[in-house]
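# Coordinates in review
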Amino acid sequence: MNATLLYPLIFVVMLTGGTVGLLTNRDNILRLIISLELMLLGANTGFILVSLVYAHLLSQLFVILVLSVAAAEAAIGLGLLVVAYKRTGSIKFSTFNVLRG
């Protein structure tokens, strides 16, 4: 299968899966973080597709930017998850109001 035919399919599946995960899993923080990561990786796949089809190097720079944002989001999200679990003993999103100063 040609790579230019595979990337749009992966792009759509990852973005749809991430969106469905965000909309359906409103209770578990870990699932929300994973859904956000899936959406960011889907966006990366879209940028790779643009880079392959149109030979733009700028989209490859956007891939690096999105990867760094995804890494920062994962680090902050998992840090908040650890703090919430230590304080409440649960990773439910409804217990996040405990983290207020």
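Details of the structure are given in the entry above.
What comes next concerns the included structure. None of the values given here were measured: they were computed from a predicted structure.

Criteria and cut-off values
Residues numbered from 1 in each chain as written. Predicted model: local features only at pLDDT ≥ 70, side-chain atom pairs only at ≥ 80, totals over all residues. Heavy atoms only, no water. Helix = DSSP H or I, 4+ residues; strand = E, 2+ residues; numbered from the N terminus. Rg over C-alpha atoms; globule rule 2.2 N^0.38 Å. Buried < 20%, exposed > 50% of the residue type's maximum accessible area, 1.4 Å probe, protein only. Areas by Shrake-Rupley, 256 points an atom, 1.4 Å probe, with all protein chains shown as cover. Patch = residues over 30% accessible without salt bridge, like charges linked within 9 Å, V, L, I, M, F, W, Y side chains within 5 Å. Salt bridge = Lys/Arg side-chain N within 4 Å of Asp/Glu carboxyl O. Expected span 1.5 Å × (residues − 1). Polar contact = N/O pair within 3.5 Å; in protein donor to acceptor, adjacent residues only side chain to side chain.

## Considering the overall build of the chain
On a plain count of helices and strands, the chain comes out with three helices and zero strands. Listing each helix as α and each strand as β along the chain from the N terminus yields α-α-α. Taking 101 residues into account, the globule formula puts the C-alpha radius of gyration at 13 Å, and the chain, at 17 Å, lies well above it. Taking the principal axes of its C-alpha atoms as reference, the chain extends roughly 50 × 25 × 15 Å. When the 101 residues of the chain are sorted by exposure, 24% land in the buried category. With an accessible surface of roughly 6,800 Å², the chain has 73% of that area assigned to carbon and sulfur atoms.

## Considerations on a nonpolar patch on the surface
A surface patch of nonpolar side chains, amounting to about 440 Å² of accessible area, comprises Ile48, Val50, Leu52, Val53 and Tyr54. The residue Val50 is located in helix 2 (residues 29–54) in this model. Overall, the relative accessible area of 31% leaves Val50 in the partly exposed class.

## Re the pattern of salt bridges
With the rule as written, the count across this model stands at one salt bridge. Asp27 is the salt-bridge partner of Lys92, the closest N and O atoms lying 3.0 Å from each other. Of this pair, Lys92 sits in the segment after helix 3 (58–88) while Asp27 sits in the loop between helix 1 (3–24) and helix 2, placing them 65 residues apart in sequence. Residue classification places Lys92 among the partly exposed positions, given a relative accessible area of 42%.

## Quick word on helix 2
Taking 1.5 Å per residue, 26 residues should reach 38 Å; helix 2 reaches 38 Å between its end C-alpha atoms and fits that length. The complete set of buried residues in helix 2 reads Ile29, Leu32, Ile33, Ser35, Glu37, Gly42, Asn44, Thr45, Gly46, Leu49 and Ser51. Two or three places before Leu30, at the start of helix 2, stands the capping residue Asn28, its side-chain oxygen 3.2 Å from that residue's backbone nitrogen. Looking one or two residues past helix 2, Ala55 carries a phi angle of roughly 55 degrees, positive in sign.

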